[in-house]
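Architecture and fold: a report
Below, each chain spelled out in residue letters.
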Amino acid sequence: MLNFPGMKTLLCFVLALVCLCNAEEKALSPKFICATPWKFDHPDTKNVPLRFRMDGTMESKQWKGLWKQTGPRQITMTIAGKRTSVLNFEPDGMSYTGTHFEGSPVTGRRVGDIPADAR
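Residues numbered from 1 in each chain as written. Predicted model: local features only at pLDDT ≥ 70, side-chain atom pairs only at ≥ 80, totals over all residues. Heavy atoms only, no water.

As a further point, take the confidence of the model for the protein. Scored by pLDDT, the protein has a mean of 84; 80% of the residues are at 70 or more. Summarising per-element confidence for the protein, the mean pLDDT is lowest in helix α1 (residues 7-22) (47) and highest in strand β7 (residues 95-99) (97). Segment residues 14-23 is flagged for pLDDT under 50; beyond a separation of four residues in sequence, or across chains, it makes zero contacts in the model. (pLDDT = per-residue confidence, 0-100. Helix = DSSP H or I, 4+ residues; strand = E, 2+ residues; numbered from the N terminus. Contact = heavy atoms within 4.5 Å.)

Put into structure tokens, the structure is as follows:
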């Protein structure tokens, strides 16, 4: 039997790493993302309404564009055919952080209660 100082620590580390690698990130469904309006803030503006629709369109008072899910809890929005913004949602799906179209940081939060059929 192999035994050396620190073996238990090493085995615990390896086991934890295996568990982390096998943990699946809970994906947010498009229905869950579209269920309520959102508001976002970035350095130039605060409390800007934002709406995602099931047909892949989205709009705020400043722009209209397209959105698509690009990760389990990530979406990419595109306006003017080329400018993109990436949003990363928190595990509970109630808020996000990301990068605005101009490259500045952006944060957002859900407005309203989530309907039971969207959970």
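Next comes the rest of the account.
What follows deals with the side chain of Ser-85. Considering the arrangement of structural elements, one finds Ser-85 in strand β6 (residues 83-89). On the accessibility criterion, Ser-85 (1% relative accessible area) is buried. If we skip the residues at most four places from it in the chain, Ser-85 touches Ile-75, Thr-76, Met-77, Thr-99, His-100 and Phe-101. (Buried < 20%, exposed > 50% of the residue type's maximum accessible area, 1.4 Å probe, protein only.)

Under the counting rule described, the total for this entry stands at seven aromatic pairs. Each ring, one from Trp-63 and one from Phe-101, has its centre 4.9 Å from the other, and the planes form 80 degrees; the classification is edge-to-face. Here Trp-63, found in the loop between β3 (57-60) and β4 (64-71), pairs with Phe-101, found in the loop between β7 and β8 (105-110); they are 38 residues apart in sequence, far enough to count as distant. Assigned by exposure class, Trp-63 and Phe-101 land together as buried. Taken together, Trp-38, Phe-52, Trp-67, Phe-89 and Tyr-96 form an aromatic cluster joined through their ring pairs. (Phe/Tyr/Trp six-rings, centres within 6.5 Å; stacked < 30°, edge-to-face > 60°.)

What follows is about empty space enclosed by the protein. One pass over the full model with this rule turns up one cavity of 30 Å³ or more. Each pocket or cavity is described by its volume, and for the largest cavity that value is around 40 Å³. Forming the walls of the largest cavity are Phe-40, Leu-50, Trp-63, Met-77, Ser-85, Leu-87, Tyr-96, His-100, Phe-101 and Val-106. Its residues assigned to classes, the lining of the largest cavity shows eight nonpolar, two polar and no charged. (1 Å grid on protein atoms, 1.4 Å probe; cavity = no way out; pocket = protein on both sides within 12 Å on 5 of 7 lines; lining within 4 Å. Points joined across faces, edges and corners; volume = space filled by probe spheres on them. Nonpolar A, V, L, I, M, F, W, Y, C, P; charged D, E, K, R; others polar.)

Along the chain, Asp-41 falls in strand β1 (residues 38-42). Of the residues examined, Asp-41 reaches a relative accessible area of 17% and is grouped as buried. Sequence spacing of Asp-41 and Thr-97 is 56 residues, and the spatial spacing of their C-alpha atoms is 9.6 Å. Excluding its chain neighbours within four sequence positions, the residues that come into contact with Asp-41 are Lys-46, Asn-47, Pro-105, Val-106, Thr-107 and Arg-109. For Asp-41, the side chain forms a polar contact with the side chain of Arg-109, separated by 3.2 Å. (Polar contact = N/O pair within 3.5 Å; in protein donor to acceptor, adjacent residues only side chain to side chain.)

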